[in-house]
Amino acid sequence: MLKIHGIPRSRAFRCIWAAEEAGLPYEVVPLGFAPGFKLERPLPINPNNKIPALEDGDLVLFESLAINLHLAGKAGAPLMPAGDDASRVMQWTLWTATEVEAPVMRWGYNTYLKPAAERDAAEAAAGKEALDARLAVLEGVLAKSPFLLGDTFSVADLNLACVLYAPWLNGYDLARFPKVKAWLDACLTRPAAKRARQQREG
Ligand SMILES: N[C@@H](CCC(=O)N[C@@H](CS)C(=O)NCC(=O)O)C(=O)O
């Protein structure tokens, strides 16, 4: 059985959602945080000593979005489509990792993650400005089709929506981005997403 190391209240949530969406049996091997967001014990199977990590037989993977691509690949289409759409999945996944995640974290650390006394309002505003610029791009794409690759949900949507899940859950102002809001609502209320969210939100 697949082993996902981490806890639902971490980036392991992303892989739990992907495993649920792929319909693959998995167990979560709990590993959480000590104060300061450091791991409570080492995770030797990940040279970065971070969660999540996946064990799939002899294969060990780190990087949450790469794990999701692997899980989607095991499920095949439509979660992981073939041909040009597979390249589009890579495009959106890399866009998520290189363009979207940093502003999400900059905003998140300075609005709800850090203790109130350590939050920096200017940093939160800078994160929001950068994230809004990406959301404007996404708004234009989602004006043309309900999901990133067209009419069907795929791991491209999952990988982007799982990174935008925290802002969506924590009051990010999406009023200027109604298509993004509707798309996130659709992605994050899918049955598989709800099962993953239940583990995280309890
Ligand atoms: N890019 C990595 C980031 C992994 C990451 O930063 N994980 C956090 C928890 S969500 C962690 O393990 N933090 C512990 C530490 O940095 O010591 C991924 O997406 O998997």
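Residues numbered from 1 in each chain as written. Predicted model: local features only at pLDDT ≥ 70, side-chain atom pairs only at ≥ 80, totals over all residues. Heavy atoms only, no water.

**Overview of the UniProt feature "domain: GST N-terminal" (unreviewed entry) in the protein**
Part 1 of the argument: If you check UniProt for "domain: GST N-terminal" (unreviewed entry), the listed places come out as residues 1–79 in our numbering.
Part 2 of the argument: Secondary structure across residues 1–79 comprises 29% helix and 25% strand; the distance between its end C-alpha atoms is 20 Å. (UniProt positions renumbered as here; feature names shortened; annotations may be inferred. Helix = DSSP H or I, 4+ residues; strand = E, 2+ residues; numbered from the N terminus.)

**Re the environment of Leu 2**
Part 1 of the argument: If you trace the backbone, Leu 2 turns up in strand β1 (residues 2–5).
Part 2 of the argument: On a C-alpha basis, the gap between Leu 2 and Leu 59 in space is 10.0 Å, while along the polypeptide they are 57 residues apart.
Part 3 of the argument: For Leu 2, the residues in contact, after removing those within four places along its chain, are Leu 24, Pro 25, Tyr 26, Glu 27, Leu 54, Glu 55, Asp 56 and Leu 71. (Contact = heavy atoms within 4.5 Å.)

**Comments concerning helix α3 (residues 84–113)**
Part 1 of the argument: Taking 1.5 Å as the rise per residue, α3 with 30 residues should run 44 Å; its terminal C-alpha atoms sit only 38 Å apart, a clear shortfall.
Part 2 of the argument: Of all bends in α3, the biggest is about 45°, found at Val 100, and the proline Pro 103 comes one to four residues later. (Expected span 1.5 Å × (residues − 1). Bend = angle between axes of the 7 residues up to and from the residue.)

**Remarks on the UniProt feature "domain: GST C-terminal" (unreviewed entry) in the protein**
Part 1 of the argument: If you check UniProt for "domain: GST C-terminal" (unreviewed entry), the listed places come out as residues 82–202 in our numbering.
Part 2 of the argument: A distance of 35 Å separates the end C-alpha atoms of residues 82–202, which is 74% helix and 0% strand.

**Regarding the domain arrangement of the protein**
Part 1 of the argument: Here the protein is partitioned into domain 1 (2–75) and domain 2 (84–194).
Part 2 of the argument: Computed over C-alpha atoms, the centres of domain 1 and domain 2 are 20 Å apart.
Part 3 of the argument: Contacts between the two partners involve twelve residues from domain 1 and, on the opposite side, 22 residues from domain 2.
Part 4 of the argument: The contact between domain 1 and domain 2 buries some 1,500 Å² in all, and 74% of this surface belongs to carbon and sulfur atoms. (Domains from an automatic or database assignment. Buried area = accessible area lost by both parts, 1.4 Å probe.)

**So, the sheet that holds strand β6 (residues 59–62)**
Part 1 of the argument: Strands sit in the order β2-β1-β5-β6 across an open sheet of four strands; the sheet is mixed. At either margin of the open sheet sits one strand with a lone partner, and together these are β2 (26–29) and β6. Neighbouring strand axes in the sheet, compared pairwise and without regard to direction, differ in orientation by 20° on average.
Part 2 of the argument: The pairing of β1 with β2 spans four bridges and is parallel. Bridge pairing in β2 links His 5 to Val 29.
Part 3 of the argument: Strands in contact with helix α1 (residues 12–22) are β1 and β2; relative to β1, the strand with the most contacts, it is inclined by about 155°. (Pairing = 2+ DSSP bridges. Axes fitted to C-alpha atoms, helices over the stretch in contact; angles between N-to-C directions.)

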